Amino acid sequence: MTEKDFIPSDPFSSIVPGIIQSEAPSNIALVKYWGKFPNQIPANPSISFTLNTCTTTTTVAYSINSGEKDGCSFEFLFEGQPKPDFEPKLKTFFDRTNKYLPFLNLYHLKISSSNSFPHSSGIASSASAMAALAASLVELERRHHPGMDQQFANQKSSFLARLGSGSACRSISGSVVVWGANKHIPASSDLYGIPFSNTLADVFKDYQDTILLVHRGQKQISSTVGHKLMEGHPYAKQRFKQAHRHLKEIKKVLISGDLDAFVTLVEREAMTLHAMMMTSAPYFMLMKPNTLSIIESVWEFRRETGIPLCFTLDAGANVHLLYPRKHSGKVLQFIKNELVAYCENGQYICDQVGKGTIIS
Ligand code: DP6
């Protein structure tokens, strides 16, 4: 597949108003995407668990665009209110995707979005938000071209979501998604995410992710800026190579269910991501003292109980705790007894591996 395959070949024959709703989950990367080339091409491959509970629901009401405006005409409401901070990101998204969705120029879109998780929780909502929007727009195309098959629709949704936010392309499918061409995963692509096609060990099918909300404030450095700092980074070349190697190793682990290897790999990825941030020019740090306290407590809990609880981090201070479902009782007790104290307002969210975006 190339970019050209996503340009529709025939124009719409008729335009009719309608409404589409999509619910897209967030995802948590096991091997991290950090560094990119122009057009949202990742500098290294990544792999993630699709989540289940942390979702964005987006409704797109489309009507005939009677105005003069060139390009896509849209308005955006978040939880019923205008959200001007999100508009530049949407504008960039519509500019980047116009070539692949030229029929949108015929419509006015009223986009309304809401999240299942508390806003300003520090959880990156751009992955679920961009995936939900992209899936709705592909559904709009599909209503005019009912012949479009599901696999192509998913690829195109992921392709478009990527143009909004890289990691969003991993939120269309479940339960494990690979994004970025690499020789260990057949059919992997820089253009879109694909579902992990090997048989997943049973333990991962309902793996738990409890997200500890350590810091809910605005990050001082956005992911977009962080990615850019990988250009000319002294360790970038080695890091990108390492991510390819980690893809190969995690593939084996996801098939075998070797949890010791899983814990080591996932934590090493999280530490490497933050090491890249701490060694950029300029350097920055997104972990907070409570992030480190949680990490130390997790290590101690693992040593004492032998339960394969591990942590990962995205570009922020919050901590994702990953563990097999059968250990939920003990892990949740540990969280309540020891870790809640490190969470802002004692907040955490229980999530688990999920299935991907749903259109209704
Ligand atoms: C650390 O997808 O938010 O979470 O493409 O600029 O929107 P943009 O970046 P984004 O980066 C996510 C980085 C990460 C790792 C990951 O999810 O793989």
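Here the residue numbers are simple positions, counted from 1 along each chain's written sequence. Local features are withheld for residues below a pLDDT of 70 in this predicted model, meaning they are given only at 70 or higher, and side-chain atom pairs are given and counted only at 80 or more; totals for whole chains, interfaces and linings count all residues. Side-chain descriptors were evaluated using all non-hydrogen atoms of the structure, hydrogens and water having been removed beforehand.

Some details on helix 8 (residues 289–305)
Then, number 1: Secondary structure follows DSSP: runs of H or I at least 4 residues long count as helices, runs of E at least 2 residues long count as strands, and numbering of each begins at the N terminus. Multiplying 1.5 Å by the residue count of a helix minus one yields the expected span of that helix. Relative to the 24 Å expected for 17 residues at 1.5 Å per residue, helix 8 spans 24 Å between its end C-alpha atoms, a close match to the ideal helical length.
Then, number 2: Accessible area is worked out with a 1.4 Å probe on protein chains only. A residue is then buried under 20% of its type maximum, exposed over 50%, and partly exposed in between. Those residues of helix 8 not exposed but buried are Thr291, Ile294, Ile295, Ser297, Val298 and Phe301. Within helix 8, the buried residues cover an arc of 165 degrees as seen down the axis, which keeps them to one side. Facing away from the buried side of helix 8 by more than 90 degrees, the exposed set consists of Pro289, Glu296, Arg303 and Glu304.
Then, number 3: Of the surrounding elements, those touching the buried residues of helix 8 are strand 10 (208–212), helix 7 (259–278), strand 11 (310–312), strand 12 (319–323) and helix 9 (328–339). Think of the arc as the fan of directions from the helix axis to the C-beta atoms. Should any heavy atoms of two residues lie within 4.5 Å, those residues are considered in contact.

A closer look at the packing of aromatic side chains
Within a pair of aromatic rings, the relevant descriptors are the distance that separates the centres and the angle that separates the planes.
Then, number 1: Each Phe, Tyr or Trp ring, with Trp reduced to its six-membered ring, pairs with another whose centre is within 6.5 Å; inter-plane angles below 30 degrees give stacked pairs, above 60 give edge-to-face pairs, and intermediate values give tilted ones. For the structure on display, the rule yields 17 aromatic pairs.
Then, number 2: Their ring planes at 45 degrees and their centres at 5.8 Å tell us that Phe49 and Tyr207 sit as a pair that is tilted. Of this pair, Phe49 sits in strand 4 (residues 46–64) while Tyr207 sits in the loop between helix 4 (202–205) and strand 10; the two residues are 158 residues apart in sequence, bridging distant segments of the chain.
Then, number 3: Cluster of aromatic residues (ring-pair linked, three or more members): Phe6, Tyr100, Phe152, Phe159 and Tyr192.

Here's the deal with the domain arrangement of the protein chain
Then, number 1: For the protein chain, the assigned domains read domain 1 (3–199) and domain 2 (206–352).
Then, number 2: On the domain 2 side, the residues contacting the 36 residues of domain 1 number 43 residues.
Then, number 3: Of the roughly 3,300 Å² buried between domain 1 and domain 2, counting both surfaces, carbon and sulfur atoms make up 69%.
Then, number 4: Two parts placed together each lose some accessible area under a 1.4 Å probe, and the buried area is that loss summed for both. The largest contributions to the domain 1 side of the interface with domain 2 come from Lys32, Trp34 and His184, which together make up 25% of the buried area. The split of the chain into domains comes from an automatic or database domain assignment.

Here's the deal with unusual backbone geometry
Then, number 1: For the bond from Gly174 to Ser175, the omega torsion is -15 degrees, close enough to zero to count as cis.
Then, number 2: You can see Ser175 is positioned in the loop between helix 3 (150–164) and strand 8 (176–179).
Then, number 3: Following Ala281, the chain continues into Pro282 via a peptide bond in cis, with omega recorded as 0 degrees.
Then, number 4: Examined against the element boundaries, Pro282 turns out to sit in the loop between helix 7 and helix 8.
Then, number 5: With a phi angle near 60 degrees, Gln40 is a residue other than glycine that sits in the positive phi range.
Then, number 6: Along the chain, the position of Gln40 falls in the loop between strand 2 (36–37) and strand 3 (41–42).

Comments concerning the pairing of strand 7 (residues 107–115)
Then, number 1: Going residue by residue along strand 7, you find Tyr107, Leu109, Ile111, Ser113 and Asn115 tucked away on one face and His108, Lys110, Ser112 and Ser114 left uncovered on the opposite face.
Then, number 2: By this definition, two strands are paired if DSSP reports at least two bridges between them. Sheet analysis places strand 4 next to strand 7, joined by nine bridges and oriented antiparallel. When the sheet's bridge partners are listed, Thr59 is paired in strand 7 with Ser112.
Then, number 3: Note that strand 5 (residues 73–78) and strand 7 share six bridges and pair parallel. Paired with Phe76 across the strands is Ile111, a residue of strand 7.

Side note on the packing of helix 6 (residues 236–256) against helix 7
The packing of two helices is summarised by the inter-axis angle and the distance between the axes.
Then, number 1: Closest axis-to-axis distance for the helix 6/helix 7 pair is 10 Å, and the angle between their directions is 160 degrees. Classified by the angle their axes make, helix 6 and helix 7 are roughly antiparallel. In the packing of helix 6 onto helix 7, the handedness of the crossing is left-handed. Counted together, Arg239, Gln242, Ala243, His246, Glu249, Ile250, Val253 and Leu254 of helix 6 and Ala261, Phe262, Leu265, Val266, Arg268, Glu269, Thr272 and Met276 of helix 7 form the full contact between these two elements.
Then, number 2: Under the convention adopted here, Pro, Cys and the residues Ala, Val, Leu, Ile, Met, Phe, Trp and Tyr are nonpolar, Asp, Glu, Lys and Arg are charged, and Gly plus all remaining residues are polar. Across the contact of helix 6 with helix 7, the residue classes tally to nine nonpolar, three polar and four charged. Throughout, an axis means a line fitted to C-alpha atoms (over the contacting stretch in the case of helices), and angles, computed between N-to-C directions, take values from 0 to 180 degrees. Any angle from 65 to 115 degrees is called roughly perpendicular, while one under 35 is roughly parallel, one over 145 is roughly antiparallel, and all others are oblique. Left-handed describes a crossing whose near helix is turned anticlockwise from the far helix by less than a right angle; the clockwise case is right-handed.

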